[in-house]
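# Architecture at a glance
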Amino acid sequence: MGSIRGIKKRKKADNKDGQDGTATPLYSQPFDWWHHFSQRISGHLAHSKDIEKFESVFKISRKTFNYICSLVEEGMLARSSNFVDISGKRLSLNDQVAVALRRLSSGESLSTIGDSFRMNQSTVSQITWRFVEAMEERGLYHLSWPSTEMEMEEMKSKFENMHGLSNCCGAIDSTHIMMTLPSADSLNSVWLDREKNCSMVLQAIVDPNLRFCDIVTGWPGSMSDDHVLRSSSFFRLAEEGKRLNGGERTLPEGTVVREYIVGDTGFPLLPWLITPYEGKGLSNVQVEFNKRVVATQMVAKKALARLKEMWKIIQGVMWKPDKHKLPRIVLVCCILHNIVIDMEDEVLHNMPFCHQHDLGYQDQTCEFADNTAFTMREKLSLYLSGKLPS
């Protein structure tokens with residue numbers, strides 16, 4: 001996982017059942033829990049034609065819900081709590097997870113969630129935050145850089161099969177999380193981005209399955225993609241040769257291509273980060289190469305678009321958020337995004353693909369280009385066009 005600015009970095013939780021995140025036994029959910037819980041729902045949700053359909057309320061399957069309950073059970077129940085609804089009925093673990101997931105997936109206000117589930121706003125807030133803390137502690141292994149050579153080779157093979165980019169290990173992109181902060185605070189101007197919106201940046205590196213492998217969040221929207229990248233632990237590790245340091249590829253005429261990720265023109269051209277050619281009058285070889293890079297980087301755009309579509313709490317405008325808590329909420333939404341994919345949740349089949357996650361924002365441009373990376377990009381583009389001498 002990458003940097004989460006503004007909080008003390010937590011240790012990765014031990015995965016007692018292996019590292020793939022799928023071996024943990026599913027939480028044994030009371031069979032009739034949803035039947036009784038759905039009867040308690042009021043407000044606008046109660047008038048929904050699909051209220052009996054669990055997936056319409058929480059955007060995940062019952063199988064995934066059970067698994068999430070199994071992850072957070074220990075963390076959420078470790079501390080004694082007296083969470084109750086307005087009638088005084090004690091809330092079960094299932095009830096609490098349902099409230100938190102609805103808050104994160106719908107983006108509805110605390111008052112709307114409270115009205116729908118018949119509980120006080122403060123209860124909704126406290127439950128949601130306890131869920132976030134538990135997911136940070138127990139679900140973090142779902143969001144990590146590939147730890148084995150086999151995992152990395154599988155990822156590189158999938159990327160190459162997509163658009164021919166040999167030895168590619170990921171795609172990077174950034175998006176903005178909108179906020180509304182008190183105007184009286186003079187320090188809030190730093191959060192104004194280039195489109196004059198108040199926002200926080202989320203930078204993500206994505207694998208070919210649209211999973212997040214590394215994220216950076218917490219930096220103000222005024223920071224460019226280049227500066228956010230250079231402030232990240234991923235940048236430091238890559239520069240020190242501790243990341244993207246695996247198997248190399250040798251092109252027919254002898255050029256060695258190291259592992260790399262791809263990004264758009266907002267990122268610097270580095271030996272481990274390949275970006276498209278810029279400017280007018282590009283050659284046919286360069287145009288073709290750009291098409292491959294842009295198409296490959298599209299997985300990052302699609303992943304961020306799906307993240308915002310599925311976890312709407314970070315899609316709309318956050319009203320006076322706690323700038324220290326928001327990065328952790330974003331992190332948990334990214335973890336949940338990966339869990340849905342890891343569980344092969346059937347709800348994904350009904351989600352349309354989109355790559356628009358920052359509507360109204362123009363593309364950024366970074367002029368920095370490393371000489372070694374420039375040469376490697378030239379050789380790689382010639383190889384892909386079939387014009388590289390043997």
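Going by the structure above, here's the rest.
Residues numbered from 1 in each chain as written. Predicted model: local features only at pLDDT ≥ 70, side-chain atom pairs only at ≥ 80, totals over all residues. Heavy atoms only, no water.

### Thoughts on the overall build of the protein chain
Scanning the protein chain for helices and strands turns up twelve helices and eight strands. Looking at the protein chain as a whole, 55% of its 390 residues are labelled buried. Put simply, of all contacts in the protein chain between residues at least 6 apart along the chain, 72% involve residues at least 24 apart. Carbon and sulfur atoms make up 49% of the accessible area of the protein chain, which amounts to about 17,900 Å² in all. (Helix = DSSP H or I, 4+ residues; strand = E, 2+ residues; numbered from the N terminus. Buried < 20%, exposed > 50% of the residue type's maximum accessible area, 1.4 Å probe, protein only. Contact = heavy atoms within 4.5 Å. Areas by Shrake-Rupley, 256 points an atom, 1.4 Å probe, with all protein chains shown as cover.)

### Some details on the environment of Trp191
Positionally, Trp191 belongs in the loop between strand 1 (168–180) and strand 2 (199–206). Considering only alpha carbons, one finds Trp191 and Met223, 32 residues apart in sequence, at a separation of 8.5 Å. What Trp191 contacts, discounting residues up to four positions off in sequence, is Met179, Leu181, Asn197, Cys198, Ser199, Met200, Gly218, Trp219, Pro220, Gly221, Ser222 and Lys323.

### Some remarks on the packing of aromatic side chains
For any pair of aromatic rings, the description consists of the separation of the ring centres together with the inter-plane angle of the planes. One pass over the full model with this rule turns up 15 aromatic pairs. On the basis of an interplanar angle of 80° and a centroid distance of 5.3 Å, the ring pair of Trp34 and Phe54 is categorised as edge-to-face. Of the two residues, Trp34 sits in helix 1 (residues 33–40) while Phe54 sits in helix 2 (residues 54–58), which places them 20 residues apart along the sequence. By relative accessible area, which is 2% here, Phe54 ends up buried. Sitting over the face of the ring of Trp129, Lys325 holds its NZ or CZ atom 4.7 Å from the ring centroid. The residue whose ring lies beneath Arg377 is Tyr277, and the NZ or CZ to ring-centre distance is 4.1 Å. (Phe/Tyr/Trp six-rings, centres within 6.5 Å; stacked < 30°, edge-to-face > 60°. Lys NZ or Arg CZ within 6 Å of the ring centre and 35° of its normal.)

### As for the layout of surface pockets
Empty space among the atoms can be located by rolling a probe the size of a water molecule over them. Roughly 530 Å³ of internal volume is contained in the second largest pocket. For the second largest pocket, the lining is made up of 21 residues, of which Arg103, Leu110, Ile313, Met318 and Ile329 are closest to its centre. Broken down by secondary-structure element, the contributors of at least two residues to the lining of the second largest pocket are helix 6 (121–138), strand 8 (318–319) and helix 11 (326–342). (1 Å grid on protein atoms, 1.4 Å probe; cavity = no way out; pocket = protein on both sides within 12 Å on 5 of 7 lines; lining within 4 Å. Points joined across faces, edges and corners; volume = space filled by probe spheres on them.)

### Points about the pairing of strand 3 (residues 212–220)
Strand 3 sits mainly inside the fold: nine of its nine residues count as buried. Strand direction decides the pairing type here: strand 2 and strand 3, joined by six bridges, are antiparallel. Following the sheet pairing, Val206 is matched in strand 3 by Phe212. Count of turn residues in the strand 2/strand 3 antiparallel hairpin: five residues, of which Leu210 carries a positive phi of about 70°. (Pairing = 2+ DSSP bridges.)

### Digging into the side chain of Thr175
Tracing the backbone shows Thr175 in strand 1. For Thr175, a relative accessible area of 1% gives the class buried. In this structure the side chain of Thr175 is engaged in a polar contact, spanning 2.8 Å, whose partner is the side chain of Lys308. Ignoring any residue separated from it by four or fewer positions in sequence, one finds Thr175 in contact with Met200, Val201, Leu202, Leu304, Lys308, His357 and Asp358. (Polar contact = N/O pair within 3.5 Å; in protein donor to acceptor, adjacent residues only side chain to side chain.)

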